[in-house]
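# Commentary on secondary and tertiary structure
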Amino acid sequence: MSKKLALALATGLVCAAGAARADEAILRANNQVSLWVGGHHLNYHETDTNNISGLVGPGGQLDSEHGTQAAFGGGLTRQGSLFGLKNIYTSLSLDYSHGNTDYQGYLVNNSTHTAVPYSSTTRNTTVDVNLKVGPAFALGAQSRAQLVPYVTYGYHNWVRDLAQPYGDRETYSHQYLGVGVLGQYSFTPKLVGSADLSVARTINPRLTTGSAGDFSLGSKAQTSLSVGLDYAVTPRLHASASYRATEFKYGQSPVGVYFEPDSKTIEQRFLVGLGYSF
């Protein structure tokens with residue numbers, strides 16, 4: 001998705017803001033500051049389908065990371081007037097995770113040009129920042145349902161610290177720009193459910209390493225799906241639970257002395273939290 005197209009969609013969404021208001025349960029859920037904790041599961045694979053490295057495993061796989069880390073985060077959501085436009089939904093969130101994964105790959109002997117399977121442990125730190133903006137449209141006679149088409153922008157950073165003496169410290173990062181839709185429904189005056197789907201394009205994906213240099217990676221699609229529940233313990237205090245799955249890919253870097261192959265990442269987050277509605 002080009003930047004011009006995303007900006008055009010953003011302008012169209014904002015200009016089409018609906019006047020109808022959702023019921024109070026949804027409005028309380030969408031006007032709060034929240035903190036959450038949980039788990040972040042990482043599933044990462046590198047593939048070399050053309051066997052440039054000469055080290056492919058089954059399906060062209062080179063190496064992989066699997067494991068669950070502790071996750072923390074916080075966010076701010078607001079639904080109301082913005083720059084004179086009514087009923088605009090905005091969301092800003094920060095997610096952080098840290099912990100270990102299991103590494104499966106190869107050790108290469110540069111003198112003999114041979115490789116042997118190798119297993120180890122990797123220390124990981126992941127940071128994600130996300131912004132969403134879009135108009136909210138109430139649905140139904142009682143406005144118990146709401147749809148929010150939105151534009152989203154974000155930043156992803158993953159520090160992959162492979163165990164010594166054979167490992168290296170690698171940092172993968174990218175920005176992304178895309179569109180999505182959030183659906184919400186108030187089951188009761190206290191309980192609100194949500195489902196959120198977005199598609200985006202990675203921007204400037206890069207890999208920075210400690211020994212092999214920096215690599216520019218290919219931009220690919222990114223998709224994210226989440227579901228959640230928000231329960232108003234009191235009008236101000238809210239409890240929440242959510243699940244989110246995100247998938248994105250990096251394209252192969254230019255081939256030189258070293259190169260970074262194609263990769264695919266699937267992240268899953270299981271979170272519970274508390275919020276203060278304002």
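Computed from a prediction, not measured in an experiment: that's the story for all the values here.

Here we take up the side chain of Thr265. As for its position among the elements, Thr265 is in strand β12 (residues 262–277). Thr265 has contacts with Leu42, Asn43, Tyr44, Thr246, Glu247 and Phe248, leaving out every residue within four places of it along the chain.

On to the side chain of His174, then. Residue position: His174 is located in strand β7 (residues 169–186). Taking relative accessible area as the criterion, His174 reaches 1% and is therefore assigned buried. Side chain to side chain, His174 and Tyr250 meet in a polar contact 2.7 Å long.

On the surface, Val33, Leu76, Leu92, Leu94, Val129, Leu131, Tyr153, Tyr155, Tyr276 and Phe278 cluster together to form a nonpolar patch covering roughly 870 Å² of accessible area. Tracing the backbone through its elements, the reader meets Tyr153 in strand β6 (residues 145–162). Taking the relative accessible area as the measure of exposure, Tyr153 reaches 37% and is therefore partly exposed.

A few words now on the confidence of the model for the protein chain. Interpretation of this model should avoid reading the predicted coordinates in detail wherever pLDDT is low. When pLDDT is averaged along the protein chain, the result is 90, and 88% of the positions lie at 70 or above. Confidence drops under a pLDDT of 50 for residues 3–8, and excluding neighbours within four residues, the segment shows five contacts in the predicted structure. Across residues 10–19, confidence stays below pLDDT 50; counting only partners more than four residues off in sequence or on other chains, it has 18 contacts.

One finds Leu42, Tyr44, Trp158, Tyr172, Leu207, Phe215, Leu217, Phe248 and Tyr250 forming the largest nonpolar core, which totals nine residues. Every element with two or more residues in this core is listed here: β1 (32–47) and β11 (237–250). Dropping the residues within four chain positions of it, Phe248 is found in contact with His156, His174, Ala221, Gln222, Ser263, Lys264, Thr265 and Glu267.

Bringing the pattern of salt bridges into the picture now. Summed over the entire model, instances satisfying the criterion amount to nine salt bridges. In this structure, Arg160 and Glu46 form a salt bridge, with 3.2 Å as the shortest nitrogen-oxygen distance. Here Arg160 is found in strand β6, whereas its partner Glu46 is found in strand β1, with 114 residues between them in sequence. You can call Arg160 buried: its relative accessible area is 1%. One salt-bridge network, in which partners are shared between bridges, spans Glu46, Asp63, Glu65, Arg160 and Glu170.

Okay, the pairing of strand β4 (residues 114–135) next. With 22 bridges connecting them, strand β3 (residues 85–109) and β4 associate as antiparallel partners. The partner of Ile88 across the bridge, within β4, is Pro135. With 12 bridges joining them, β4 and β6 adopt antiparallel strand pairing. Looking across to β6, one finds that Val133 is bridged to Val151.

Enumeration according to the criterion identifies nine aromatic pairs in this entry. Geometrically, the ring pair formed by Tyr243 and Phe270 is tilted, given 5.2 Å between the ring centres and 45 degrees between the ring planes. Taken as a pair, Tyr243 in strand β11 and Phe270 in strand β12 lie far apart in primary sequence, 27 residues in all. Take Phe270: its relative accessible area is 45%, and that puts it in the partly exposed class. Taken together, the ring pairs connect Tyr44, Trp158, Tyr172, Phe248 and Tyr250 into an aromatic cluster.

Here is what the cut-offs are and how they apply
Residues numbered from 1 in each chain as written. Predicted model: local features only at pLDDT ≥ 70, side-chain atom pairs only at ≥ 80, totals over all residues. Heavy atoms only, no water. Helix = DSSP H or I, 4+ residues; strand = E, 2+ residues; numbered from the N terminus. Contact = heavy atoms within 4.5 Å. Buried < 20%, exposed > 50% of the residue type's maximum accessible area, 1.4 Å probe, protein only. Polar contact = N/O pair within 3.5 Å; in protein donor to acceptor, adjacent residues only side chain to side chain. Patch = residues over 30% accessible without salt bridge, like charges linked within 9 Å, V, L, I, M, F, W, Y side chains within 5 Å. Areas by Shrake-Rupley, 256 points an atom, 1.4 Å probe, with all protein chains shown as cover. Salt bridge = Lys/Arg side-chain N within 4 Å of Asp/Glu carboxyl O. pLDDT = per-residue confidence, 0-100. Core = buried A, V, L, I, M, F, W, Y, C linked by side-chain atoms within 4.5 Å. Pairing = 2+ DSSP bridges. Phe/Tyr/Trp six-rings, centres within 6.5 Å; stacked < 30°, edge-to-face > 60°.

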